[in-house]
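Results of the structural survey
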Amino acid sequence: MNRPLPFKGFYTDRDGSVLKRYWTAPKDCRVCPMKSRCVPNTKCKKITGTVYDEQYLRAYGRQHSEKGKQMKKPGQSTVEPVFGSSAQFYGLRKIGVPGKAGAHKVMLMTAIAFNLKKYLKKGGKKPSLDIFKTIMNTFQGCPAIFCWQIQPRPVLLKTL
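My aim in this report is to walk through the structure given alongside it, one point at a time.

Cut-off values and rules
Residues numbered from 1 in each chain as written. Predicted model: local features only at pLDDT ≥ 70, side-chain atom pairs only at ≥ 80, totals over all residues. Heavy atoms only, no water. Helix = DSSP H or I, 4+ residues; strand = E, 2+ residues; numbered from the N terminus. Expected span 1.5 Å × (residues − 1). 1 Å grid on protein atoms, 1.4 Å probe; cavity = no way out; pocket = protein on both sides within 12 Å on 5 of 7 lines; lining within 4 Å. Points joined across faces, edges and corners; volume = space filled by probe spheres on them. Phe/Tyr/Trp six-rings, centres within 6.5 Å; stacked < 30°, edge-to-face > 60°. Buried < 20%, exposed > 50% of the residue type's maximum accessible area, 1.4 Å probe, protein only. Lys NZ or Arg CZ within 6 Å of the ring centre and 35° of its normal.

Moving on, we come to the environment of serine 85. Looking at the element boundaries, serine 85 is found in helix H5 (residues 80–88). Distance in space between the C-alpha atoms of serine 85 and phenylalanine 114 is 8.8 Å, their sequence separation being 29 residues.

Another point: helix H6 (residues 99–121). The end-to-end C-alpha separation of H6 is 33 Å, in line with the 33 Å expected for 23 residues at 1.5 Å each. Positive phi appears at glycine 123, one or two residues downstream of H6, with a value of about 95 degrees.

In this section: the environment of alanine 25. With respect to the helices and strands, the residue alanine 25 is situated in the loop between strand S2 (18–23) and helix H1 (26–30). As a C-alpha pair, alanine 25 and lysine 43 span 18 residues in sequence and 8.6 Å in three-dimensional space.

Our focus in this paragraph is the layout of surface pockets. By volume, the largest pocket is sized at about 280 Å³. Around the largest pocket sit 15 residues that line it, and Met1, Arg3, Asp28, Cys29 and Cys32 are the ones nearest its centre. Taken together, the elements giving at least two residues each to the lining of the largest pocket come down to H1 and helix H2 (35–38).

A word on the packing of aromatic side chains. For the structure on display, the rule yields 2 aromatic pairs. Look at phenylalanine 7 and phenylalanine 10: their rings are 5.2 Å apart centre to centre, the planes differ by 70 degrees, and that puts the pair in the edge-to-face class. For phenylalanine 7, a relative accessible area of 39% translates into the label partly exposed. Within the aromatic cluster, the residues linked to one another by ring pairs are Phe7, Phe10 and Tyr22. Positioned above the aromatic ring of tyrosine 11, the side-chain terminus of arginine 21 is 4.0 Å from the ring centre. In this arrangement the basic side chain of lysine 46 is found over the ring face of tryptophan 23, its NZ or CZ atom lying 5.7 Å from the centre.

The structure is reproduced here in structure tokens:
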């Protein structure tokens, strides 16, 4: 009803997120003819928004601009299918190694395998030994850790 909704302050919710709070004066809502539809069970209209609203709107505008749509296309056709295929067809919905470093190595190996498969499927030459040496040199810094992380976990046997 063309009344101002002034900023009243910041507050932190249970998750630790900082939010901005706006609300009208209760006297404005009491005399408003739309109160029964707008805020029937409270004294006044309250609106809460994140402190990052300006940045979210700017990012949303960039993503939906013509340039943003063009920039999104290559990622949708090159990067996202790798994650989708690895989750759906190669059993990587969960990564069974501890820590971020282990998960990073699993994702690297998945990406390498996926790219080799894609390369061979497109009619590329069979990979030479140099390619495999390059891959192994990538993981040379921590082969013991990598082998430890991919070892099967011990199985507990039931005793009767």
